[in-house]
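Commentary on secondary and tertiary structure
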Amino acid sequence: MESFPSDRAQLPRNMIENSMFEEEPDVLDLAKDPQMHPLEPEEVEYEPRSSRLLVRGLGEQDLEEEEEDYESSARLLGMSFMNRSSNSQNRSAGYRQQGSDGTCHLPCSARTCIVCMFIVVLIASVAMLIYFLPKCTFTKEGCNPSNNQTKDIYPLATNGKIFPWAMMRLPDTVLPEHYELLLHPDLINRNVSGFETVTVLIKEETKKIIMHSSGLHIISASFKALKAKGGADEPVPNLEVLEYPKNQQIALIPAQSLEKGIHYHLELKFTANLSSTIYGFYNSSYKLENETVRELAATQFEPLAARMAFPCFDEPAFKATFQIKIKRPNTYTTLSNMPKNSSTPVDNDLVLDEFQTSLKMSTYLVAFIVADFKNVSRSFNGTLVSVHFTPGKEDQAHYALEAGCRLLDFYVKYFNISYPLEKLDLVAVPDFQAGAMENWGVITFGETALLYNESTSSIMDKQFTTKVIAHELAHQWFGNLVTMKWWNDLWLNEGFATFMSYVAMDYTFPDLSNDDDFLRRRFKGMEQDSLNSSHPLTTRVETPEQIEEMFDSVSYVKGASILLMLKTFLSEDVFKLGIKDYLNTHKFGSTTSEDLWKSLSKFSKSTQNVPQLMETWSTKKGFPLVTVRRNGAQIELHQEPFIVNMDLKNLTLDTRILWQIPLTYITFNSTTNNTASQNTYLLSEKSGSLSIASEVSWIKFNVKMSGYYMVDYGDHWHALIEQLQHNHSVFHPSDRADLINSIFRLASIGKVPLTLVVNLSPYLIHETSTLPVIEALDHFDHIYGLLEKRGFMDLASRVQDFALKLFDNIITKQNWTDDGFLVDRKLRSAILSFACRHQHLVCVRNAKQMFDDWIHFPYNASLPTDVMETVFYVGAQTDDGWMKLWSKYILTSSAAEKRKMLNALSASPDIKHLLWLMQAGLDGDLVKMQDLPQVLVAVSENLVGHLHAWNFVKENWESLTKKFQLGSFSLHTIVSGTTSQFSTKAHLFEVQTFFESQKENGSQLRVVKEAVETIKANIQWMDKNLQYVEYLL
């Protein structure tokens, strides 16, 4: 059941013009209406199938730059035909002989003459056919072939008139400087009325202003030219408003040109529905303890949804100041980016809240919330820091307040740039899709990302909350103070915030040190980036779907990873000086990647050419595989792109790419039993070499996995494996995890034999460090899942038994408590989860007993938070246990506990429970809509449910794309999660066929290409390794 009416305004899905050969009203026929708009004679494109004249634009030029009217264009068109006819007559003269009297003498018989005339007519016809082929453009020089796409065709507005702009991006002839915005959201009827005044500066004389508007009803619009002090503002008469929903744009067209250098006031009155999705200015609700439902309205504008709340210039480079006023019921409160100036009672129990004028910022950072939240606050170094939450959750807000203050203090000192606002609000919103959003001064979070409950949140939950707060606070500088110019450089925001969150936590919360988390994210990020469907850090994007898809692991994790690699190469001091310069140079401005490289170059050594070093890393997709060959004291190195799918026919990655790779390495001398200090070698060519001492036993590259590349050691793998077996502690835990990840990944693409994986594995019996153990568990889980989903149950059991034997000692040593440091507790949580899911008898017995005690004696048997999800998992395997766990899910107010329960409920062996749970997530009542992706992924990991999850996605795709934007991270999670363990050609064909049938409603998404590639990679793994698994195990 949908919560809100389905006729609410939805985001337009088709942002691309249709083909010019389709019979559509979006293509203008001047023969029918010659008075609509002037044409440049050099820009007339003739399309013979329908004999229509198409209006083409150059994108950067205005239609008002007209020098000829329709009549002159028509005359030119007529003359073109006449000239061609004339030329044909002149050419035909060559077939005749004229006498002095001008008569034509036929030198041959009449029959011969007729044949010749037939040939002439045939040649002329062919010539005319070629001349009038489609995509022929008339110019003064003749007919030139045109390769322009239909996006250059000016479309028609909703009223049938020409819309004077064809590009997705706005023209830069008009700059917004200030918005005064008044909104009145009606939480009962779920709509909003608004009035805004936008101050704009005209950079170039123009007859139009193009703005963004999506799902808004424009009631009225007017212009006023602002005169110098003492002069009266002059209204601009006869303003026309045109709408083009496909591009989410409106055009404001005055009767006279707008003068260059003049400021204008643009006044707009509008209405809209509150969004029924979790995007834009949307409606939400929550229940109090007495089951009373309370409505609220909140915003999520990044990347393209400010236009759903008010007409605006909705691109990151169009920064302006904002003054926001909101009418709300007197029983509610409001929050926005700035502190509140005043609250004034108005009619009908309404209050008008007026906020201070903001700093200069992008539209996607604007935010406002109407709710009856409670808060806890603390003044810290002149800034009022507050955490806001729904009533009854005050005890879960105190940790976020402490973490927010400490992290804010760290960033101010690290950047040596003050936080520029008087207040900082951290707001837990019950329905929130994005995880968290860095709106300047009022950061919004999902409840699981902000609220921490001592009794139900684990140490990993605490680490996660801290990391998310650190990420969003880093954005107050990287993203808010300095913003990327366009979404193609999103990594400047997200990569930096990701990287700085780990730096901040290392300094501020050493007990929650999360280097292992960053490393595991790098492993996962490289897995996506190794696909042919990946994209460069900086890549061209235009459509809403393309922009949404930029919010992926490439922008976040690869961006952070190359910053880590660069910091390691330049040194921490140089790196820190460079980013401070970057922030100070561009504060309140917009940047590109090149601006960052320039700042870092100011402080680097002359031999460290940062722009040259980083060019390939930022503009090419993928990462390098470095192959190592040892020949005595000589190490030979070779680089090539790491490619997962060897389908070279469809490969779009240039295999000739050369990276400048700052290789780090250590060596070990077994004679002296010493590990040499870290060294660096810059590999900038296809091949290179370095020398080591002959007595060196082994060499290990990519120290602590600080570089964004993978290494294949060839025959040298044997020396590294021997060292692991003899004394693995010589390697740092990060290096051991790197070796494990590399050998599994290389075996999956056939670069190394699976026997090497089996040879390395016995050392794991003695491994006790969290990071390498978890990395090995992940790879065994993946192999087990592939075999299980294919029905190779005997082989899957052998893999399971092999892994359980390797880790049996560490499993049996675990206690079921919350004792120990972070690394100990993370290891306990991961290893017991693996053991119980793979039917380790002792583990299952202990978990079952704890679940029964918790159900029957809830006040005496609280569950340790680190193993809580494992206990829930085991309990939910029976029908009775599932029902009791569901009843607990309904009652708990802890978002962290709900998340654990939902994962366990999704692991049920009863398909009826799984189908009901997925439908509940789609309905969005008992299970929140934002949790549906989590449910679908968890059900997909379940042998009983994985095919049903994929069927559910197919059957409900239209509903899913209405609830989650095309290209959004939620849809990415759903598609990749429900297809990632398919490994047959039948499933490959099914996935391809389904998405091809969706056309503009999904077929164009990058995640679809990723899903197809992943299935091909799984098929490839099966083809290469299945027989070896059978033989080796």
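Residues numbered from 1 in each chain as written. Predicted model: local features only at pLDDT ≥ 70, side-chain atom pairs only at ≥ 80, totals over all residues. Heavy atoms only, no water.

Points about the overall build of the chain
- Regarding its fold elements, the chain presents 29 helices and 36 strands.
- Counting across all 1033 residues of the chain, residues that qualify as buried make up 57%.
- Here the analysis covers contacts within the chain between residues at least 6 apart in sequence; of these, 72% occur between residues at least 24 apart. (Helix = DSSP H or I, 4+ residues; strand = E, 2+ residues; numbered from the N terminus. Buried < 20%, exposed > 50% of the residue type's maximum accessible area, 1.4 Å probe, protein only. Contact = heavy atoms within 4.5 Å.)

Comments concerning the environment of Ala-497
- Here Ala-497 is to be found in helix H6 (residues 491–508).
- Linking Ala-497 and Leu-473, residues 24 residues apart in sequence, is a C-alpha distance of 8.1 Å.
- Not counting residues within four places of it along the chain, the set of residues in contact with Ala-497 comprises His-471, Ala-474 and His-475.

Notes on the sheet that holds strand S17 (residues 321–329)
- The strand order across the open sheet formed by 8 strands is S11-S10-S14-S8-S7-S17-S20-S19, and the pairing between neighbours is mixed. The outermost strands of the open sheet, each flanked by one partner alone, are strand S11 (234–236) and strand S19 (340–346). Going from strand to strand, the sheet's axes swing by 20 degrees on average, the running direction of each strand aside. (Pairing = 2+ DSSP bridges. Axes fitted to C-alpha atoms, helices over the stretch in contact; angles between N-to-C directions.)

Structural notes on the nonpolar core
- Core analysis: the largest hydrophobic core is formed by 302 residues, its most contacted members being Phe-310, Met-500, Phe-701 and Phe-807.
- Dropping the residues within four chain positions of it, Phe-807 is found in contact with Leu-764, Val-773, Ala-776, Leu-777, Phe-780 and Ile-831. (Core = buried A, V, L, I, M, F, W, Y, C linked by side-chain atoms within 4.5 Å.)

Overview of unusual backbone geometry
- In this structure, the amide linkage connecting Glu-302 to the following residue, Pro-303, adopts the cis form with an omega of 5 degrees.
- The backbone of Asn-348 sits at a positive phi, close to 55 degrees, despite the residue not being glycine.
- Considering the arrangement of structural elements, one finds Asn-348 in the loop between S19 and strand S20 (350–355).
- In the Ramachandran plot, Asn-416 falls in the positive-phi region, its phi being about 60 degrees despite a non-glycine side chain.

Section: the sheet that holds strand S29 (residues 624–631)
- A sheet is described by the order of its strands in space; here 4 strands give the open sequence S34-S30-S29-S36, paired in mixed fashion. Of all strands in the sheet, those bounded by a partner on one side alone are strand S34 (687–691) and strand S36 (710–712). Averaged over all pairs of adjacent strands, the angle between their axes in this sheet comes to 25 degrees, without regard to strand direction.
- Bridge analysis of S29 against S36 gives 3 bridges, and the strand direction is parallel. Paired with Val-626 across the bridge in S36 is Val-711.

Focus on the pairing of strand S35 (residues 696–701)
- With 5 of its 6 residues buried, S35 lies for the most part within the structure.
- Bridging between strand S31 (residues 661–669) and S35 involves 5 bridges; their strand directions are antiparallel. Bridging across to S35, Ile-666 finds its partner in Lys-700.

Details of the environment of Gly-446
- With respect to the helices, strands and loops of the structure, Gly-446 is situated in strand S26 (residues 442–446).
- For Gly-446, a relative accessible area of 6% puts it in the buried group.
- Taking C-alpha positions, Gly-446 is 6.9 Å from Asp-431, a pair spaced 15 residues apart along the chain.
- With residues up to four places along the chain from it excluded, the contact list for Gly-446 reads Val-429, Phe-432 and Gly-435.

Quick look at the pattern of salt bridges
- Across all of its chains, the model carries 37 salt bridges by this definition.
- For Glu-640, the salt bridge goes to Lys-751, with nearest N and O atoms at 3.7 Å. Within this pair, whereas Glu-640 is found in strand S30 (residues 634–641), its partner Lys-751 is found in the loop between helix H14 (733–748) and helix H15 (754–760), the two being separated by 111 residues in sequence.
- By relative accessible area, which is 37% here, Lys-751 ends up partly exposed.
- Among the ionic pairs, Asp-738 bridges to Lys-700, the shortest N-O distance being 2.9 Å. Residue Asp-738 is found in helix H14, and its partner Lys-700 is found in strand S35; the two are separated by 38 residues along the sequence. For the residue pair Asp-738 and Lys-700, the accessibility class agrees, reading buried in each case.
- Through salt bridges with shared partners, one network takes in Asp-461, Glu-869, Arg-899 and Lys-900. (Salt bridge = Lys/Arg side-chain N within 4 Å of Asp/Glu carboxyl O.)

Considering the packing of H14 against helix H16 (residues 770–789)
- At a closest axis distance of 8 Å, the pairing of H14 and H16 adopts a crossing angle of 15 degrees. By the angle between their axes, H14 is roughly parallel relative to H16. With respect to the hand of their crossing, H14 and H16 are arranged in right-handed fashion. Listed contacts from H16 to Pro-733, Ser-734, Arg-736, Ala-737, Ile-740, Asn-741, Phe-744 and Arg-745 of H14 are Leu-771, Pro-772, Glu-775, Ala-776, His-779, Phe-780 and Ile-783.
- Residue composition of the contact of H14 with H16, grouped by class: 9 nonpolar, 3 polar and 3 charged. (Parallel < 35°, antiparallel > 145°, perpendicular 65-115°, else oblique. Left-handed = near helix turned anticlockwise from the far one by under 90°. Nonpolar A, V, L, I, M, F, W, Y, C, P; charged D, E, K, R; others polar.)

Describing the packing of helix H21 (residues 879–891) against helix H23 (residues 911–923)
- In contact at an axis separation of 11 Å, H21 and H23 are set at 20 degrees when each is read in the N-to-C sense. What the angle tells us is that H21 and H23 run roughly parallel. Between H21, through Asp-879, Trp-882, Met-883 and Trp-886, and H23, the contact on the second element is made entirely by His-913, Trp-916 and Leu-917.

What about the confidence of the model for the chain?
- Predicted confidence across the chain gives a mean pLDDT of 87, with 84% of residues reaching 70 or more.
- Of the regions scoring below 50 in pLDDT, residues 1–108 engages in 190 contacts with residues more than four places distant in sequence or in other chains.
- For the stretch residues 133–151, pLDDT sits under 50, and the model shows 48 contacts to residues farther than four places along the chain or on other chains. (pLDDT = per-residue confidence, 0-100.)

Structural notes on the packing of aromatic side chains
- Under the defined criterion, the tally for this structure stands at 50 aromatic pairs.
- Their ring planes at 50 degrees and their centres at 5.5 Å tell us that Phe-415 and Trp-477 sit as a pair that is tilted. One end of the pair, Phe-415, is in helix H3 (residues 398–415); the other, Trp-477, is in the loop between helix H5 (459–475) and strand S27 (482–484), with 62 residues separating them in the sequence. Trp-477 shares its class with Phe-415; the two are buried.
- By way of ring pairs, the aromatic residues Phe-410, Tyr-411, Tyr-414, Phe-415, Tyr-419, Trp-477, Phe-478, Phe-496, Tyr-507 and Tyr-582 are connected into one cluster. (Phe/Tyr/Trp six-rings, centres within 6.5 Å; stacked < 30°, edge-to-face > 60°.)

Brief notes about the side chain of Ser-970
- Mapped onto the fold, Ser-970 is located in helix H27 (residues 969–979).
- Looking at Ser-970, the relative accessible area reads 8%, which means it is buried.
- When residues no more than four places from it in sequence are discounted, the contact partners of Ser-970 are Gln-433, Pro-933 and Phe-964.

Here we look at a nonpolar patch on the surface
- Together, Ile-890, Leu-891, Trp-916 and Leu-926 make up a nonpolar patch on the protein surface, roughly 420 Å² of accessible area in all.
- Within the secondary structure, Trp-916 is located in helix H23. (Patch = residues over 30% accessible without salt bridge, like charges linked within 9 Å, V, L, I, M, F, W, Y side chains within 5 Å. Areas by Shrake-Rupley, 256 points an atom, 1.4 Å probe, with all protein chains shown as cover.)

A look at helix H7 (residues 515–529)
- For H7, built from 15 residues, the straight-helix expectation of 21 Å at 1.5 Å per residue is met to within 8% by its first-to-last C-alpha distance of 21 Å.
- Burial in H7 covers these residues: Asp-516, Asp-517, Phe-518, Leu-519, Arg-522, Phe-523, Gly-525, Met-526, Gln-528 and Asp-529. (Expected span 1.5 Å × (residues − 1).)

Quick word on the side chain of Asp-866
- With respect to the secondary-structure elements, Asp-866 resides in the loop between helix H19 (841–856) and helix H20 (868–875).
- Within polar-contact distance, the side chain of Asp-866 engages the side chain of Arg-825 at 2.6 Å.
- Among all residues touching Asp-866, those that are not within four sequence positions of it are Ser-458, Ile-459, Met-460, Thr-817, Asp-818, Arg-825, Arg-828 and Ser-829. (Polar contact = N/O pair within 3.5 Å; in protein donor to acceptor, adjacent residues only side chain to side chain.)

Section: the environment of Ala-367
- On the secondary structure map, Ala-367 appears in the loop between S20 and strand S21 (368–371).
- Note on Ala-367: relative accessible area 1%, which makes it buried.
- Setting aside chain neighbours within four positions, we find Ala-367 in contact with Thr-299, Leu-335, Ser-336, Asn-337, Asn-439 and Val-442.

Quick notes on the pairing of strand S24 (residues 423–429)
- Counting buried residues along S24, 7 of its 7 residues qualify, which places the element largely inside the surrounding structure.
- Across the two faces of S24 the burial is the same, with Lys-423, Asp-425, Val-427 and Val-429 and Leu-424, Leu-426 and Ala-428 all buried.
- Of the pairings in the sheet, the one linking strand S23 (residues 383–389) to S24 comprises 5 bridges and is parallel in character. Of the residues in S24, the one forming a bridge with His-388 is Val-427.
- For the crossover that starts at S23, traverses H3 and ends in the parallel S24, the hand is left-handed.
- Two elements, S24 and S26, share 5 bridges in a ladder whose sense is parallel. Along S26, the bridge assignment pairs Ala-428 with Phe-445. (Right-handed = clockwise from strand over helix to strand, strands pointing away.)

Looking at helix H22 (residues 895–905)
- With 8 of 11 residues buried, H22 lies mostly within the body of the structure.
- Regarding H22, the residues found buried are Ala-895, Ala-896, Glu-897, Lys-900, Met-901, Leu-902, Ala-904 and Leu-905.

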